[in-house]
Amino acid sequence: MRKIKILFVCHGNICRSTMAESVLTFMVTRRGLSNMFEIDSAATSREEIGNPPHRGTVRKLQSVGIPVIPHRAQQMTRKDYEQYDYLIGMDGWNIRNMLRIVGSDPEHKIYKLLDFADRHGDIADPWYTGNFDETYADILEGCEGFLKAVLEN
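Each chain carries its own residue numbering, running from 1 in the written order of its sequence. Per-residue local features are limited, in this predicted model, to residues with pLDDT of at least 70; the limit for side-chain atom pairs, both in listing and counting, is 80 or more; totals at the level of whole chains, interfaces and linings are taken over all residues. The side-chain values count all of the structure's non-hydrogen atoms but skip hydrogen atoms and water molecules.

## Regarding the pairing of strand β2 (residues 37-43)
Between buried and exposed lies partly exposed: a residue is buried under 20% and exposed over 50% of the maximum accessible area for its type, with that area taken using a 1.4 Å probe on protein chains only. Helix and strand definitions follow DSSP, with helices as H or I runs of at least four residues and strands as E runs of at least two, each counted in order from the N terminus. Most of β2 is tucked away: six of the seven residues are buried. We call a crossover right-handed when, viewed with both strands directed away from the observer, the connection leading from the first strand over the helix to the second proceeds clockwise. Note on the crossover from strand β1 (residues 4-10) through helix α1 (residues 16-30) to β2: the handedness is right-handed.

## Quick word on the packing of α1 against helix α6 (residues 132-152)
Lines fitted to the C-alpha atoms define the axes, with helices restricted to the stretch that makes contact. Angles between their N-to-C directions range from 0 to 180 degrees. The N-to-C vectors of α1 and α6 enclose an angle of 50°; their axes lie 9 Å apart at closest approach. Considering their axes alone, α1 and α6 lie oblique with respect to each other. Helix-helix and strand crossings are classified by hand; for α1 and α6 the assignment is right-handed. Between α1 and α6, the residues in contact are Arg-16, Met-19, Ala-20, Val-23, Leu-24, Met-27 and Val-28 and Phe-132, Thr-135, Tyr-136, Ile-139, Leu-140, Cys-143, Glu-144, Phe-146 and Leu-147, respectively. Gly counts as polar in this scheme, as do all residues outside two lists: the nonpolar Ala, Val, Leu, Ile, Met, Phe, Trp, Tyr, Cys and Pro, and the charged Asp, Glu, Lys and Arg. For the contact of α1 with α6, the class distribution of residues is 13 nonpolar, one polar and two charged. An angle below 35 degrees is read as roughly parallel, one above 145 as roughly antiparallel, one from 65 to 115 as roughly perpendicular, and any other as oblique. Each helix crossing is assigned a hand: it is left-handed if the near helix lies turned anticlockwise from the far helix by less than a right angle, otherwise right-handed if that turn is clockwise. Contacts are assigned to residue pairs with any non-hydrogen atoms lying within 4.5 Å of each other.

## Some points on the pairing of β1
Most of β1 sits inside the fold, with six of its seven residues counted as buried. The criterion for strand pairing is that DSSP finds at least two bridges linking the strands in question. Bridge analysis of β1 against β2 gives seven bridges, and the strand direction is parallel. By the bridge assignment for β2, Ile-6 is matched with Ile-39. Pairing of β1 with strand β3 (residues 86-89) involves four bridges; the strand directions are parallel.

## Details of the environment of Arg-59
Relative to the assigned elements, Arg-59 resides in helix α2 (residues 55-63). Under the relative-accessibility criterion, Arg-59 is labelled exposed at 51%. Residues Arg-59 and Met-27, spaced 32 residues apart in sequence, show a C-alpha to C-alpha distance of 18 Å.

## A look at the environment of Glu-21
As for its placement among the helices and strands, Glu-21 is situated in helix α1. With a relative accessible area of 4%, Glu-21 lands in the buried category. Apart from residues no more than four positions distant in its own chain, Glu-21 is found in contact with Phe-8, Ile-39, Asp-40, Ser-41, Ile-69 and His-71.

## Thoughts on the state of the cysteines
Working definition: a disulfide is two cysteine sulfur atoms within 2.5 Å of each other. The tally for this structure, following the rule as stated, stands at zero disulfides. The thiol of Cys-10 is unpaired, and the distance to the nearest cysteine sulfur, on Cys-15, comes to 6.6 Å. Accessibility expressed as a relative area gives 3% for Cys-15, which makes it buried.

## So, α2
Turning to α2, its buried residues number three or more, namely Gly-56, Thr-57, Lys-60 and Leu-61. Buried residues in α2, looked at end-on, bunch into an arc of 125°, giving them a common side. Pointing more than 90 degrees away from the buried face of α2 are the exposed residues Arg-55, Arg-59, Gln-62 and Ser-63. Turning to α2, the residues buried within the fold contact α1 and α6. Where α2 terminates, the next one or two residues include Gly-65, which has phi positive at roughly 75°. The directions from the helix axis to the C-beta atoms form the arc being described.

## Section: the nonpolar core
Throughout this description, the term nonpolar core refers to a set of buried Ala, Val, Leu, Ile, Met, Phe, Trp, Tyr and Cys residues connected via side-chain atoms within 4.5 Å. One finds Ile-6, Phe-8, Val-23, Leu-24, Phe-37, Leu-113 and Cys-143 to be the most contacted residues of the largest nonpolar core, which totals 34 residues. Every element with two or more residues in this core is listed here: β1, α1, β2, β3 and α6. With seven residues, the top contributor of residues to this core is α6. Residue contacts for Val-23: discarding those within four places in its chain leaves Leu-61, Ile-66, Tyr-136, Ile-139, Leu-140 and Cys-143. Core analysis: the second largest hydrophobic core is formed by twelve residues, Val-9, Leu-87, Met-98 and Ile-110 among them.

Structure, rendered in structure tokens:
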């Protein structure tokens, strides 16, 4: 069985994308579906390369009982487009930078996470807002919608 490969992407790969990676990993593990998915995350920038998840992300995930995936920030590459089935950015700025990195999206693999929710929009960057609760709620909604969409296909 071929795994569904997902790459979550944000600016620095220490807040939103690592939170989404941990949330979706927890969701598929809890449902006994881990063998169906390969989940990772990356940045569009090089600013945080090598750094662990932000302490606000770690605290929020711990507070809701979700294990933090061990991760060090890495930058998305053009090769990722070939490797992953879904490249999921957190906001419009991420999508623009993702397209700059890969060139184009002929296979329609690039999405915003909230495209899978009942509403569309951007997930605010808690690096700037400090509101990890709001970011978590949006990511949870997006991941639930994503999982539902993928499992229905």
